[in-house]
Structure formats: C-alpha cells, structure tokens
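In case you want the letters, here they are:
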Amino acid sequence: MRKFIQRALNKLSKLDSQQIQHLIMDLASENENLEIVLDSMTDGVLAADTEDRVILCNKAAERLLPLVPGDIYDRLLWEVIEDLDISQFVQTCLRTQDTVEDREFTLSGPGGNTRILSISILPLVQAGKVQGSILHMQDISEKRWREARLRRAESLASLTTLTAGVAHEIKNPLGSIGIHIQLIQRMLKNNKSVKEDDIGTYLEVINEEVDRLNRIVVDFLFAVRPMDIHPVVGCLNCLLRDLMGFMQYELEQAGIQSVVDLEDSIPHIMMDEKFMKQAILNMVKNAMNAMPEGGRLVVSSRKKGDEVILRIIDDGIGMSSEVMGKIFEPYFTTRDFGSGIGLTLVYKIIKEHGGDISVVSQEGRGTTFTLSFPVPQSGQHLIDSTHGDSRSPGDSAQWEVWENEDEV
Ligand SMILES: Nc1ncnc2c1ncn2[C@@H]1O[C@H](COP(=O)(O)OP(=O)(O)OP(=O)(O)O)[C@@H](O)[C@H]1O
Ligand SMILES: [Mg+2]
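Note that the coordinates shown come from a computational prediction; the quantities given were computed from them, not determined experimentally.

Account for the sheet that holds strand β2 (residues 54-57), with residues named and values stated.
The sheet built from five strands is open, its strands ordered β2-β1-β5-β4-β3 with antiparallel pairing. Because the sheet does not close on itself, it has two edges, and the strands there are β2 and β3 (100-108). Mean inter-strand twist for the sheet, computed between neighbouring axes without regard to direction, equals 20°. Here six bridges tie strand β1 (residues 44-49) to strand β5 (residues 129-139), and the two strands are oriented antiparallel to one another. Counterpart to Val45 in the pairing with β5 is His136. Against the sheet, helix α4 (residues 84-96) engages β3, β4 (114-126) and β5, with an angle of about 160° to β3.

Have a look at this one:
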C-alpha cells in the first residue's frame, strides 16, 4: 500500500482531481484501519517523534496510564503522564536513548485498587532509521496475582510433602523406642529375670534411635529454614578444580575415572562458595554411589548465551523415570543408608543462586545433572583464564550425551 501511495505521490502533478480524491480516500481508509487495530488492542501504545513529542496514543494507553486532561498530541511524552514515577522514568530513558523492557510500576487506583503495569520503551524504527520512541504498556496485575496464588499453592504442596516425609521418617525410630521401653518395663516387672546386659543393649538401641530422630530434626530444619546465602562474584571453574582435586583420591579408590572438562572462557558467576561446594559435592557423591563397580565421572562447564552450564555426568546405574520424578523430594532415597535430603538441598541451593537444575537418566546407562546459572552483567568480562581448555574430543561427545532425552 505504501509503495502504491509513494508512486502516486510522485505522479501527483499528473493526477486529475478525481484521482487525487481517490488517493485521499484510500489514505484515510488505511489510517482508519490502523486506528481500529491499535484501539482494539489491550496493550497501551504511545509513540513520540524524534523530539519526544506525542504523535500517537491508542485507547488502551488512555485507559491504563493516568494522562493529563486535554489534548496530549505534540506535547512532550513525559509531560502528558500524570504518574510522577513513570513520567520521570520515561524522561530519563528518552534523554539517555535507552531501550528498556518490562519495567514494572505499581499504580494505586481509586478505592485502594492497585494495578501493576509493565512498561517498555522501544525505538520507533522506519526504513532502518530511528524516527522516535514507542512506549508500550501492559496491565500484568492479573498475571502477577495468578503467579502469587500458584507460588502459595506450590509452597503448601511442598510443605505437605515435607511434613509427610518427616512423619514417615520419625515413625520408625519412635516405634523402635516404644518397643525397647516395653521390653525394659517387662524385665523390670519380672525382677528376677533382669539382665544388666540386655537392658544395656536395649538402652543402646534407644540411644541410637534418639540420635536418628535428632538427625531427622536437624536435616528438616536445614531443609526448611531460609539459607543464609551470600553470593559474591566468583570463579566456578576454580571451585570445580579444587573440589575435584580434593575428591581425586576417593574417586580413584572407588575405581572411578574422573574427567574435569572445563571451558576456559567461562565468565564468573554470583555464588556462595560454601553452599555451592556443598551442592556439587552432594551430586558427586550421588554419582559415586551410582557407580559401585567403578566407572567414569565427567564434570563439565560451558558458556551458553547468558548462562554458565555445569554438568555432572556418570555412567552408573541410572534411574527409572518413576525414581527420577521423586529425587528432589525431601527424604526420598533408594539407598539403604541414604537420608534422601542431599538433592533437596542441592535444589534449594541452586534456586537460591537464581539457577536451574534438570536431570536426564537411563537405567543401566547413567545420569546427567545439568545446572545453569545466570551470568551477572558485571561478570561478563571476568573470564576464567587461569587454565587452558582441558577438553578433549572424546569429552565433547560425552557432553552431547542424552541431549534430546526427557528431562525432569
Ligand atoms: N547420579 C545418580 N544416579 C542414580 N541415581 C541417583 C543419582 N543421584 C541421585 N539418585 C537417586 O536420587 C535419590 C535421592 O538422592 P539424594 O542425594 O537426595 O539422597 P541420597 O543420596 O539417597 O541420601 P543423602 O541424603 O545421604 O544424600 C537417591 O537415593 C538415588 O535413588
Ligand atoms: Mg545423596
């Protein structure tokens, strides 16, 4: 349509009055169509020219933003916005020519109603040239409330699982204590048959069960209490090298070949070394437990987009999908002497670091835990260059293992 109008404008002097009338009608109709589309949108749009003066405002923008009364066209964009915070934000962005996406503002309306607006400021581009700015706004109140409701439901569900886990865990030691107290009572009733050795054995069992209860309570508190995490910019590769160096002997003794496969251009991330070490150690120990006959353990780091990816890969016994679905639940264990709290803590620590964790596994083939951490803007240039790239072609192949399989 635009090309047609451009061609017509070039020939304007040669057009007769009827043709000019048609051209104007076409233009008006195109303009009307655009207005209808813009006014039917639920997102608000305000556009300004290169001098930051308003050239367009759709109905949703009038509804969402408190605008000054009267004609707003040709006025400076920030001057037509009544809310002081938004107005100042817009002025600063336009002055600095920053593109800002999804900045949230809370507006209090009449009757104490609050609304959350997400505002973006984008360049208005025509034929590859910036011709002004677009202020795009969205009412995300409903979305935020839904998320909050979901979070509440999730935390209630995890509390239920956790409490059920604790109840299940304490049932056995309590039962055992009860039985041994009854045995002692029976012995004491029948004075003649009191044997000091037997009472000693029973008391020992009771003592062990009390210890077990104590450990359950301590683990429980550790799992539910907010962690006192203090992340600072740190070198993940350095931590991995230290940790794997420390574990080297134990791994060798268990017949496990360990490969530390680190990319040397890894940016630093925000981490609390103590907690991060604990999380990785828990996963390395799990991998060791999964390879009772020995095997191969690969610990890799890579940069992928804005994230650092850490993988812990073993070729041990693996897991069924049923087990895989439960491993982050507190007290879930398939090991005789496992407490089932290791991965619950790993999950919590990784989340506290703003990271993510997923797992792929195949019974009889092994397991890959993948952790991702955001790279802070200031960490982009802090690259680990203390060591060369220790990758080998064989290890890269391992890196791709099960890339396409189901993740949990
Ligand atoms: N690398 C792995 N390979 C196979 N199974 C695994 C692996 N890592 C975890 N699992 C499974 O997940 C379960 C839960 O792991 P988690 O670390 O939470 O507890 P645990 O190792 O059993 O006990 P602990 O609390 O002492 O660490 C394990 O019992 C095991 O079944
Ligand atoms: Mg464990």
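Give me the domain arrangement of the chain: which residues, what numbers.
You can read the domains of the chain as domain 1 (1-40), domain 2 (43-139), domain 3 (148-224) and domain 4 (232-399). Once you take the C-alpha centre of each, domain 1 and domain 2 turn out to be 29 Å apart.

I'd like to hear about the nonpolar core, residue by residue, with values.
Counting 37 residues, the largest nonpolar core has Leu236, Ala279, Met283, Val284, Ala287, Ile312 and Val346 as the members making the most contacts within it. No other element matches the eight residues that helix α8 (residues 273-289) contributes to this core. The contact partners of Ala279, leaving out residues within four places of it in the chain, are Leu345, Val346, Ile349 and Ile350. Core analysis: the next-biggest nonpolar cluster, separate from the first, contains 19 residues, Cys57, Ala60, Ala61 and Leu64 among them.

Break down unusual backbone geometry for me, citing the residues and quoting the values.
A negative phi holds for most residues other than glycine; trans holds for most peptide bonds. One non-glycine residue, Asp52, lies in positive phi territory at about 65°. Within the secondary structure layout, Asp52 lies in the loop between β1 and β2.

A description of the packing of helix α7 (residues 236-253) against α8 should follow, citing residues and the corresponding values.
How two helices sit against one another is set out by the angle between their axes and by the gap between those axes. Close contact between α7 and α8 brings their axes to 11 Å; oriented N to C, the two are set at 35°. In terms of crossing hand, the pair formed by α7 and α8 is right-handed. Residues Leu239, Leu243, Met247 and Leu251 of α7 touch α8, and the partners they reach there are Glu273, Met276, Lys277, Ile280, Leu281, Val284 and Met288.

Run through the site of ligand 1, naming residues and quoting values.
In the vicinity of ligand 1 lie 23 residues, with Asn286, Ala290, Thr333, Gly338 and Gly342 positioned nearest. Elements with a contribution of two residues or more to the shell around ligand 1: α8 and α10 (342-352). Here the residues of the shell around ligand 1 sort into nine nonpolar, twelve polar and two charged.

Could you give an account of the pairing of strand β12 (residues 366-374), with specific residues and numbers?
Relative to β12, strand β10 (residues 307-314) runs antiparallel, the two sharing eight bridges. Across the sheet, residue Asp314 finds its bridge partner in β12, namely Thr367. For strand β11 (residues 356-362) and β12, the ladder comprises seven bridges, and the chain directions are antiparallel. Note on β12: the bridge partner recorded for Ser361 is Thr367. Between β11 and β12, which pair antiparallel in sequence order, lie three residues; one of them, Gly364, sits at a positive phi of approximately 80°.

Before we move on, could you go through the environment of Phe328 and cite the residues and values that matter?
Inspection of the secondary structure puts Phe328 in the loop between α9 (321-324) and α10. Taking the C-beta count within 10 Å as the criterion, Phe328 has 17 such neighbours and is therefore assigned partly exposed. C-alpha of Phe328 to C-alpha of Gly200: the two residues are 128 residues apart in sequence and 39 Å apart in space.

Go over the sheet that holds β11, please, and point to the residues and values.
If you walk across this open sheet you meet the five strands as β7-β9-β10-β12-β11, and the pairing is mixed. At either end of the open sheet lies a strand with only one pairing partner, and these are β7 (256-262) and β11. For this sheet the average axis-to-axis angle between neighbouring strands, irrespective of direction, equals 10°. Its contacts with the sheet place α8 against β7, β9 (295-304), β10 and β12, and it is angled at close to 25° to β10.

Please give an account of the confidence of the model for the chain that cites residues and values.
Low pLDDT marks stretches whose predicted atomic positions should not be read closely. The share of residues in the chain with pLDDT of 70 or more is 90%, and the mean pLDDT across the chain is 86. Low pLDDT, under 50, characterises residues 387-408; the predicted model gives this stretch 30 contacts beyond four residues in sequence or across chains.

Mind laying out α10, listing which residues take part and the relevant values?
Looking only at α10, the buried set comprises Gly342, Leu343, Thr344, Val346, Lys348, Ile349 and Ile350. Residues of α10 that are buried make contact with α6 (196-224), α8, β11 and β12. Immediately beyond the C-terminal end of α10, within one or two residues, lies Gly354, with a positive phi of roughly 75°.

Could you give an account of the packing of helix α5 (residues 141-189) against α6, with specific residues and numbers?
Taken N-terminus to C-terminus, the directions of α5 and α6 make an angle of 165°; their axes are 9 Å apart at the nearest point. In terms of their interaxial angle, α5 and α6 are classed as roughly antiparallel. For α5 against α6, the interelement crossing comes out left-handed. On the side of α5, the interface is formed by Leu162, Val166, Glu169, Ile170, Pro173, Ser176, Ile177, His180, Leu183, Ile184 and Met187, while α6 contributes Asp198, Ile199, Tyr202, Val205, Ile206, Glu209, Arg212, Leu213, Ile216, Phe220, Ala223 and Val224.

Definitions and limits used
Residues numbered from 1 in each chain as written. Chains lettered and ligands numbered in written order. Predicted model: local features only at pLDDT ≥ 70, side-chain atom pairs only at ≥ 80, totals over all residues. Pairing = 2+ DSSP bridges. Helix = DSSP H or I, 4+ residues; strand = E, 2+ residues; numbered from the N terminus. Axes fitted to C-alpha atoms, helices over the stretch in contact; angles between N-to-C directions. Contact = placed C-beta atoms within 7 Å. Domains from an automatic or database assignment. Core = buried A, V, L, I, M, F, W, Y, C linked by C-beta atoms within 7 Å. Buried ≥ 20, exposed ≤ 12 C-beta atoms within 10 Å, placed from the backbone. Left-handed = near helix turned anticlockwise from the far one by under 90°. Near = placed C-beta within 6 Å. Nonpolar A, V, L, I, M, F, W, Y, C, P; charged D, E, K, R; others polar. pLDDT = per-residue confidence, 0-100. Parallel < 35°, antiparallel > 145°, perpendicular 65-115°, else oblique.

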